[in-house]
Amino acid sequence: MRRDLTRLAETRFDLLVIGAGIHGACAAWDAALRGLSVAVVDQGDFGAATSANSLRIIHGGLRYLARGDLARTLESTRERTALLRIAPSLVQPLPVLVPTFGHGFHSRTALRAALALNDTLSLFRNRTLPDDRAIPPGRILSRAECLDLFPAFDSDEVTGGALWYDARMTHPERLTLSFVRSAADRGAAVANYVRAERLLIEGDSVSGASVVDVGSGEVFAIQARTVLVAAGHWTQGIIRATRADHGGKAPRTHALGVNVILGKSLATVAVGIQARSMADRDPVCGGGRFLFLAPAGNTTMLGTWYGLTEWSHSQTMAERGARELVRELVEACPDIDVGNHDIVRWQFGWLPLKAGNEPGRPDALADRARVLDHGASHGIRHLFSVEGVKYTTARAVAQRVVDRIVAHLGRPSIPCRTGEVLLNTGRSLLGSPAQAVREEMAIKLTDFIFRRTDMGTPTGPKRAMVQDAARLMGAELGWDTGRRESEVEEVMRQIEAATTLEAVG
């Protein structure tokens, strides 16, 4: 996988994908697999923004049963199976536990029925999966079994537990990169650190994009028959800039989502706990949302907190969200031994709001992916956009997008195979800096530490290891001493970013 800007500038592609988070990466892989000529660019590294802000849980859709949304349940179950099938080294089954209590929806009777229905709806969930990736049926646990798995539940209320299996991504950034690698294997021209400055408009049609190489500042054009904007939080800004009505302040369309990493193992299973905060402290979800704890080696992922803010205030709001998450966890489990001092890192991303595009409060989280053909909606032909709501279903959303693009281009209908073909996940998470540069387009030291390997797993690595990696990577990329030092400092800044929380919390 080589960064070939000359090819990007001198080729007219069938499809240009702007944004290489999970939705853009999946779309590029799907389109390339169907025989389209594809270019994909991202202003940062592949999968480095919202797609990296994940609890690492691939949800199978059990939570949608409570809403009676069987379609979303079935879709989520299918996509969980697809990811287990195509990326077996990066996705594995994960047990999930919630407590039972009372006589309503959370009772043993209600959850036993929900687990039975979930197993029935996913009857063929293990077809084509190897035994070590099979999803076992759910079951109801006794009170003693439940508290043995997670003693911090409020023992006065708990009557037992419901245990089912979803899946866990061992390395979300690596999984996103695997879709990009696979697209490149099929001929896609891919490049990170290439920012789309503006779309190229000829009459009423998009013909590509003017882009800038972030490293050199070189500006050039990428020509394409169709353009798909899959830039997450930045998607609407890119689209608005092409329209005559783009003046004025844009409405709020996204919420900040914050997850934290706690420097201790709290359970061997993922745990769902209903927060006790109400709408005044949880304006996006309206109160009573579920917190999830997900095991991650010797650490635990905790999420998710949502807030409404402007881009310029995102760091400050993320710090607030990290503290609030710990506060909510302690309120829900008063006996748990967790405090702000246990936070070793926090991360955030942007999640789309309903914003008038679907029923419900405009400032509530969107339930469904938004796929638009802007020729039909705004009179800009050959332009498409996608904003997803879940990592789990990104592959299926991309399939729908590419179906429309293939039809728009007048190409023969070719079945999507991205749910079957194994991804190129690379040789190892323990690769060398030279391998990351030569084979996986690592441009910055942060790319190597956080997204090409698992070296960035909290609470490490130590500065000496980072310096060694910078020396080896710098030899590949021609860095001088000043560049090596700045790359090391940026990695250390990101590692140490959460250390001030205890003092301000």
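In this text the structure is predicted, and so the values were computed from the model without any measurement. (Residues numbered from 1 in each chain as written. Predicted model: local features only at pLDDT ≥ 70, side-chain atom pairs only at ≥ 80, totals over all residues. Heavy atoms only, no water.)

A. Seen up close, the overall build of the protein. In terms of regular secondary structure, the protein is built from 16 helices and 17 strands. Its C-alpha radius of gyration of 23 Å places the protein within 12% of the 23 Å reference for a compact globule of 505 residues. The C-alpha extent of the protein, read off along each of the three principal axes, is 70 × 50 × 50 Å. Among the 505 residues that make up the protein, the fraction classed as buried is 56%. Within the structure as shown, the protein displays about 21000 Å² of accessible surface, and the carbon and sulfur contribution to it stands at 51%. In the protein, 60 positive and 56 negative side-chain charges are present, and the distance between their average locations comes to 4 Å. (Helix = DSSP H or I, 4+ residues; strand = E, 2+ residues; numbered from the N terminus. Rg over C-alpha atoms; globule rule 2.2 N^0.38 Å. Buried < 20%, exposed > 50% of the residue type's maximum accessible area, 1.4 Å probe, protein only. Areas by Shrake-Rupley, 256 points an atom, 1.4 Å probe, with all protein chains shown as cover. Lys, Arg positive; Asp, Glu negative; His and termini not counted. Charge placed at Lys NZ, Arg CZ, Asp CG, Glu CD.)

B. Representation of the side chain of Asp30 within the structure. Looking at the element boundaries, Asp30 is found in helix H2 (residues 22–33). For Asp30, a relative accessible area of 1% puts it in the buried group. Within the structure, the side chain of Asp30 is placed 2.7 Å from the side chain of Arg34, a separation counted as a polar contact. Setting aside chain neighbours within four positions, we find Asp30 in contact with Ala398, Gln399, Val402, Cys416 and Thr418. (Polar contact = N/O pair within 3.5 Å; in protein donor to acceptor, adjacent residues only side chain to side chain. Contact = heavy atoms within 4.5 Å.)

C. Quick peek at the side chain of His59. Along the chain, His59 falls in the loop between strand S3 (57–58) and helix H3 (62–65). Overall, His59 belongs to the buried group, its relative accessible area being 14%. Apart from the residues within four sequence positions on either side, His59 is in contact with Ser76, Asp166, Phe292, Lys390 and Thr392.

D. Highlighting helix H13 (residues 445–452). Most of H13 is tucked away, with eight of its eight residues classed as buried. Along H13, the residues that are buried comprise Leu445, Thr446, Asp447, Phe448, Ile449, Phe450, Arg451 and Arg452. Where H13 is buried, its residues contact helix H7 (172–185), strand S15 (343–352), helix H12 (433–440), helix H14 (463–477) and helix H15 (481–495).

E. Local environment of the packing of H13 against H15. As a packed pair, H13 and H15 sit with axes 8 Å apart at the nearest point and diverge in direction by 40°. Here H13 is positioned oblique relative to H15, judged by the angle of their axes. Touching Leu445, Thr446, Ile449 and Phe450 of H13 are Glu487, Val488, Glu490, Val491, Gln494 and Ile495, all from H15. When grouped by side-chain class, the residues that make up the contact of H13 with H15 number six nonpolar, two polar and two charged. (Axes fitted to C-alpha atoms, helices over the stretch in contact; angles between N-to-C directions. Parallel < 35°, antiparallel > 145°, perpendicular 65-115°, else oblique. Nonpolar A, V, L, I, M, F, W, Y, C, P; charged D, E, K, R; others polar.)

F. Region of interest: the environment of Val488. By the element assignment, Val488 lies in helix H15. Look at Val488 and you get buried, because its relative accessible area is 5%. Along the primary structure Val488 and Trp350 are separated by 138 residues, whereas in three dimensions their C-alpha atoms are 27 Å apart. Ignoring any residue separated from it by four or fewer positions in sequence, one finds Val488 in contact with Leu445, Arg463, Val466, Gln467 and Ala470.

G. A look at the nonpolar core. Ranked by internal contacts, the top residues of the largest apolar core, which has 51 residues, are Val38, Val91, Leu175, Phe179, Val190 and Leu228. Secondary structure elements with two or more residues in this core: strand S1 (12–18), H2, strand S2 (38–41), helix H4 (70–86), strand S6 (160–169), H7, strand S17 (383–387) and helix H11 (394–408). Per-element accounting of this core gives the leading share, nine residues, to H2. In this structure Val91 touches Leu83, Leu84, Arg133, Ala167, Arg168 and Leu175, once residues within four positions along its chain are discounted. Formed by 36 residues, the second largest nonpolar core is a distinct cluster that contains Leu256, Trp305, Ala318 and Ala332. (Core = buried A, V, L, I, M, F, W, Y, C linked by side-chain atoms within 4.5 Å.)

H. Inspection of the pattern of salt bridges at higher detail. In this structure the tally under the stated criterion is 37 salt bridges. Lys354 is paired through a salt bridge with Asp367; the nearest N and O atoms lie 2.8 Å apart. One end of the pair, Lys354, is in the loop between S15 and strand S16 (370–373); the other, Asp367, is in the loop between S15 and S16, with 13 residues separating them in the sequence. A cluster of three or more residues bridged by salt bridges with shared partners is formed by Arg67, Arg72, Lys354, Glu358 and Asp367. (Salt bridge = Lys/Arg side-chain N within 4 Å of Asp/Glu carboxyl O.)

I. Broad picture of the packing of H2 against H7. In contact at an axis separation of 8 Å, H2 and H7 are set at 25° when each is read in the N-to-C sense. With respect to H7, the axis of H2 lies roughly parallel. In the crossing of H2 with H7, the sense of the turn from one axis to the other is left-handed. When H2 is examined against H7, the residues Ile22, Ala25, Cys26, Ala28, Trp29 and Ala32 are found in contact with a partner set consisting of Thr176, Phe179, Val180, Ser182 and Ala183. (Left-handed = near helix turned anticlockwise from the far one by under 90°.)

J. Layout of the pairing of strand S10 (residues 219–229). Pairing between S1 and S10: six bridges, direction parallel. Within S10, the position partnered with Ile18 by the bridge is Val229. Strand direction decides the pairing type here: strand S9 (residues 205–213) and S10, joined by five bridges, are antiparallel. Pairing of Ala209 across the sheet is with Ile222, part of S10. If you look at the hairpin formed by S9 and S10, you'll find five residues sitting between the two strands, and Gly217 has a positive phi there, around 85°. Here three bridges tie S10 to S17, and the two strands are oriented parallel to one another. Bridged to Leu228 within S17 is Phe384. (Pairing = 2+ DSSP bridges.)

K. Spatial organisation of the pairing of S6. With nine of 10 residues buried, S6 lies mostly within the body of the structure. Note that S3 and S6 share two bridges and pair antiparallel. Directly across from Ile58, in S6, lies its bridge partner Ala167. As paired elements, strand S5 (residues 139–141) and S6 share three bridges and run antiparallel to each other. Directly across from Arg139, in S6, lies its bridge partner Leu163.

L. Broad picture of helix H5 (residues 108–121). Helix length check: H5, at 14 residues, gives a terminal C-alpha distance of 20 Å against a target of 20 Å (1.5 Å per residue), a fit within 8%. When we look at burial in H5, the residues that qualify are Leu111, Ala114, Leu115, Asn118 and Asp119. For H5, the buried positions fall inside an angular range of 130° around the axis, keeping them on one side. Opposite the buried face of H5, by more than 90 degrees, sit the exposed residues Thr109 and Thr120. Buried-residue contacts for H5 involve H3, H4, strand S4 (91–100), S5 and S6. (Expected span 1.5 Å × (residues − 1). Arc of directions from axis to C-beta.)

The values reported here are purely geometric and, on their own, carry no functional implication.
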